[in-house]
Amino acid sequence: MADQPRIADDDRVLGEPVAVYAAGALPWRVRSGELEVLLIHRPRYDDWSWPKGKQDRGETMPECAIREVREEISLEEPLGVPLPATSYHVTAGLKIVNYWAVKVPPSAVVRPDGTEVDSVHWCGVEEAATLLTNPTDVLPLRWLAECHRRSELDTLPLILLRHAKAKPRGSWTKAEGDRTLAASGVRQAAAVARLLAAWRPKRVITSPWRRCVDTIRPYIAASKGKVKVRLDEKLTEAAYKRRPEKAAAIVPKLFDKRTSGLICTHRPVLPTLLKAFAERCEPGIESELPAEDPYLTPGEMLVFHVTVEGTPQVVAVEQVKPYED
């Protein structure tokens with residue numbers, strides 16, 4: 001849905017400093033063919049809203065959204081498509097809230113924490129629009145409903161990750177494939193793992209060179225055997241230089257798996273992989289991809305949201321960095 005803005009169009013906030021950053025989600029499900037969303041009731045304000053909360057120090061926005069949903073309603077599901085951010089004024093000043101869609105499977109248990117949230121309510125889109133206390137909360141709801149209408153709401157994430165910061169090439173005297181992460185890269189890799197937990201890719205394909213393997217190692221360790229890992233020589237700089245088309249072929253194969261996935265590779269390989277992803281993008285989405293070297297900074301990633309229904313197609317993309325101390 002590249003033809004619509006992803007933030008509220010409100011001239012009052014242009015240039016105004018942001019006092020509060022927050023994040024949350026719109027939980028959704030389809031029941032008897034109808035889209036339903038989950039509202040929460042907050043006794044402190046006696047209002048109906050979405051699960052959300054303030055960003056903690058050391059968090060990215062996706063991590064904040066996942067944490068708040070878990071704390072308020074005990075729901076632990078990966079983030080789906082990004083929704084428009086909302087803006088409004090609170091006592092401290094301007095508040096910006098970033099939202100994502102979150103699919104709630106039938107087996108999931110939704111339970112209010114009893115303090116910040118005392119009850120929840122599943123309802124249709126039109127009922128939700130009338131119940132929401134803050135009018136700005138309707139904006140992401142309408143976007144979510146439109147995504148559903150266009151069969152672009154039910155998605156899975158495919159992630160392209162550049163390895164964390166490595167030790168300088170010029171100072172490395174051993175084999176290039178053995179070059180390790182710098183101290184800052186080790187911290188970056190830990191932050192990457194925390195960020196990846198927002199989407200939980202189930203399949204990881206990585207260059208076998210050490211700096212890539214060490215980047216995804218903390219995420220793999222945290223997954224406790226729930227992630228399938230494949231080392232692919234075609235993603236190394238050396239193999240890519242000889243046969244770049246071999247690396248490009250990994251992307252459509254990952255789409256064909258129809259499961260969440262991650263590719264971890266090196267800066268020189270990125271433009272070819274980006275071109276392969278662009279070929280699977282809905283018209284207009286490809287313009288959101290980085291087009292200039294270095295494409296991604298160390299530890300930075302692109303999250304491609306791919307449709308589940310029909311032919312897999314990218315309908316949204318996010319470029320995100322892990323939080324670095």
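Read on for an overview of the structure. The shown structure was predicted, so the numbers you read here are calculated from the model rather than taken from an experiment.

Each value, and the rule that gives it
- Residues numbered from 1 in each chain as written.
- Predicted model: local features only at pLDDT ≥ 70, side-chain atom pairs only at ≥ 80, totals over all residues.
- Heavy atoms only, no water.
- Phe/Tyr/Trp six-rings, centres within 6.5 Å; stacked < 30°, edge-to-face > 60°.
- Helix = DSSP H or I, 4+ residues; strand = E, 2+ residues; numbered from the N terminus.
- Buried < 20%, exposed > 50% of the residue type's maximum accessible area, 1.4 Å probe, protein only.
- Lys NZ or Arg CZ within 6 Å of the ring centre and 35° of its normal.
- Expected span 1.5 Å × (residues − 1).
- Contact = heavy atoms within 4.5 Å.

### A few points about the packing of aromatic side chains
Taken as a whole and assessed by the stated rule, the structure comprises two aromatic pairs. Relative to Phe 277, the ring of Phe 255 lies with its centre 5.8 Å away and its plane at 55°, an arrangement referred to as tilted. One end of the pair, Phe 255, is in helix 8 (residues 250-257); the other, Phe 277, is in helix 9 (residues 270-278), and 22 residues separate them in sequence. Both residues of the pair, Phe 255 and Phe 277, count as buried. Measuring from centroid to centroid gives 4.0 Å for Phe 277 and Phe 304, while their planes differ by 5°, and the two rings are stacked. Pair noted here: Phe 277 is in helix 9 and Phe 304 is in strand 12 (residues 301-307), with a separation of 27 residues, a long-range link. Summarising the burial analysis for this pair, Phe 277 and Phe 304 share the class buried. Site record: aromatic cluster; members linked through ring pairs are Phe 255, Phe 277 and Phe 304. The ring of Trp 122 carries Arg 29 above its face, with NZ or CZ at 4.0 Å from the centroid. If you follow Arg 280 out to its NZ or CZ, it ends over the ring of Phe 255, 4.8 Å from the centre.

### Notes on helix 3 (residues 138-149)
With 12 residues, helix 3 extends 16 Å between its outermost C-alpha atoms, agreeing within 8% with the 16 Å of an ideal straight helix rising 1.5 Å per residue. Taken as a whole, helix 3 has its buried residues at Val 138, Pro 140, Leu 141, Trp 143, Leu 144, Glu 146 and Cys 147. Elements that come into contact with the buried residues of helix 3 comprise strand 1 (18-31), strand 2 (34-42), strand 5 (82-90), strand 6 (93-103) and helix 2 (125-131). Once helix 3 finishes, Ser 151 follows within two positions and takes phi at roughly 60°, a positive value.

Limitation: the analysis is restricted to geometry and does not speak to function.
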